[in-house]
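Here is how the chains run, residue by residue.
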Amino acid sequence: MTRHLDIDLLRTFVAIAETRTLGRAAGKVGRTQAAVSMQVKKLEEMLNQPLLNRTGRGVALTLHGERLLGHARTILRHHDAAVADVSGAGLSGTLRFGCPDDYAAAFLPQILRSFAGLHPQVFVEVYCAPTPRLLEQLARHALDLALISTTDTGATILRREPLVWVGNRHDDAASREPLQLALSDPDTLDHRWACERLEATGRPYRVAYASGAMSGLLAVVRSGQAIAVLTQSAVPDDLQVLPTSRQLPKLPTVGLTVKFDLPRPPALVVEFAEQLRRVVPAL
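A brief report on the enclosed structure follows.

Reading the values: the criteria
- Residues numbered from 1 in each chain as written.
- Predicted model: local features only at pLDDT ≥ 70, side-chain atom pairs only at ≥ 80, totals over all residues.
- Heavy atoms only, no water.
- Helix = DSSP H or I, 4+ residues; strand = E, 2+ residues; numbered from the N terminus.
- Contact = heavy atoms within 4.5 Å.
- Areas by Shrake-Rupley, 256 points an atom, 1.4 Å probe, with all protein chains shown as cover.
- Lys, Arg positive; Asp, Glu negative; His and termini not counted.
- Charge placed at Lys NZ, Arg CZ, Asp CG, Glu CD.
- Buried < 20%, exposed > 50% of the residue type's maximum accessible area, 1.4 Å probe, protein only.
- Core = buried A, V, L, I, M, F, W, Y, C linked by side-chain atoms within 4.5 Å.
- Axes fitted to C-alpha atoms, helices over the stretch in contact; angles between N-to-C directions.
- Parallel < 35°, antiparallel > 145°, perpendicular 65-115°, else oblique.
- Nonpolar A, V, L, I, M, F, W, Y, C, P; charged D, E, K, R; others polar.
- Pairing = 2+ DSSP bridges.
- 1 Å grid on protein atoms, 1.4 Å probe; cavity = no way out; pocket = protein on both sides within 12 Å on 5 of 7 lines; lining within 4 Å.
- Points joined across faces, edges and corners; volume = space filled by probe spheres on them.
- Polar contact = N/O pair within 3.5 Å; in protein donor to acceptor, adjacent residues only side chain to side chain.
- Phe/Tyr/Trp six-rings, centres within 6.5 Å; stacked < 30°, edge-to-face > 60°.

Our focus in this paragraph is the overall build of the chain. Tallying secondary structure elements over the chain gives nine helices and 11 strands in all. Looking at the chain alone, contacts between residues at least 24 apart form 76% of all its contacts between residues at least 6 apart. Surface accessibility of the chain: about 14,200 Å² in total, with carbon and sulfur atoms responsible for 52%. With 32 positive and 28 negative side-chain charges, the chain shows a spacing of 3 Å between the two charge centroids.

Below is the structure:
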């Protein structure tokens, strides 16, 4: 028996997955909660697999539901892009973009303004996280594309950014022993390279604060309790780039590149990537 995945059913399923409750999903797709429940039942019967588990706080996806979610998002993106292209409506829909916090501070306002001017009907959802977390989201098809840090010599590099030591303008945190550091997640390039370079020089250090959120790192640096490592373009005006020395060794340069969740992304995603390639090197 041939089975067909209905677009409306998939759209409702994705809404449930994103809101984690049938009630909120119903409001998102413009149906009653009972109608949404019936759609889920129809989808489960068609696939002959359970997709949702009811919990005390809403619903959770089963293993089969998680597998379907990635396919559903891909199908809906291609469906919406095809409708917009063939109908002559131009680019429209929702695009999910990820980038690290420091890139968001340095580049995102100009990127979003310029893209919105060209494609006002496109809504861009932005997810900020360190590069390893963005790669995880891309693998799960939770993002369409991301601007990430890389050392891959085979990648197409949009821009190269030096990593720098950053401190408060009015304290001597860089001279303390052991050196107190505020760094991103342990598997990020800035965290790894800061520790490796200090260990190579024999400088005692302690990671006093580690977080994937740049706002937290900057708060610690502004308090004078630690120094951080940022890309040079992301250093706020109220903080300073600390001079390198034997005690603060020079840090490497990272490359910025675009990574997609699909080998052949839809037109909307390709156009946003082209905008990144135009804007990021010029800022």
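Going from E177 to P178, the amide bond is cis rather than trans, its omega being -5°. By the secondary structure assignment, P178 is in the loop between β6 (159-168) and β7 (179-183). Despite not being glycine, R20 shows a phi value in the positive range, around 65°. The residue R20 is located in the loop between α1 (7-19) and α2 (22-29) in this model. In this model, H141 sits at a positive phi of 60°, which is unusual for a non-glycine residue. By relative accessible area, H141 is classed as partly exposed at 22%.

By size, the foremost hydrophobic cluster in this structure holds 40 residues, and its most contacted members are L95, F97, L145, L147, W165, F272 and L276. Membership of the second largest hydrophobic core comes to 22 residues, among which are L10, M46, L68 and L69.

Looking now at the packing of α2 against helix α3 (residues 33-47). Their axes nearest at 8 Å, the elements α2 and α3 cross at an angle of 100°. As the angle between them shows, α2 and α3 are arranged roughly perpendicular. Each of L22, G23, A26 and V29 in α2 lies in contact with α3, whose residues at this interface are Q33, V36 and S37. A breakdown of the residues in the contact of α2 with α3 according to their chemical character gives four nonpolar, three polar and no charged.

With that settled, consider the pairing of strand β3 (residues 93-99). Where burial is concerned, most of β3 is hidden: five out of the seven residues are buried. Judged from the seven bridges that link them, β3 and strand β4 (residues 122-128) form a sheet pairing that is parallel. In the strand pairing of β4, C99 is matched with C128. For β3 and strand β5 (residues 145-150), the ladder comprises two bridges, and the chain directions are parallel. Residue pairing for β5: G98 is matched across the bridge by A146.

Below, the discussion takes up the layout of surface pockets. Estimated volume of the largest pocket: approximately 590 Å³. Taken together, 27 residues make up the lining of the largest pocket; nearest its centre are R11, V14, L76, D80 and T94. Residues of the lining of the largest pocket, tallied by class, amount to 11 nonpolar, five polar and 11 charged. Computed from the structure, the second largest pocket encloses a volume of approximately 230 Å³. What lines the second largest pocket is a set of 15 residues, among which R73, Y127, Q137, A142 and L143 lie closest to the centre. Every element with two or more residues in the lining of the second largest pocket is listed here: α1, α4 (63-87), β3 and β4.

Our next topic: the side chain of E161. Within the element layout of this structure, E161 appears in strand β6. Separated by 2.6 Å, the side chains of E161 and S233 make a polar contact. Ignoring anything within four residues of it in the chain, the contact list for E161 reads F107, T231, Q232, S233, T253, V254 and L256.

On to the packing of aromatic side chains. The final tally for this structure, using the stated rule, is three aromatic pairs. Measuring from ring centre to ring centre gives 6.1 Å for Y103 and F107, while their planes differ by 45°; the resulting arrangement is tilted. One end of the pair, Y103, and the other, F107, are both in helix α5 (residues 101-118), four residues apart, so they sit about a helical turn from each other. The same class applies to Y103 as to F107, namely buried. Linked through ring pairs, F97, F115 and F272 together constitute an aromatic cluster.

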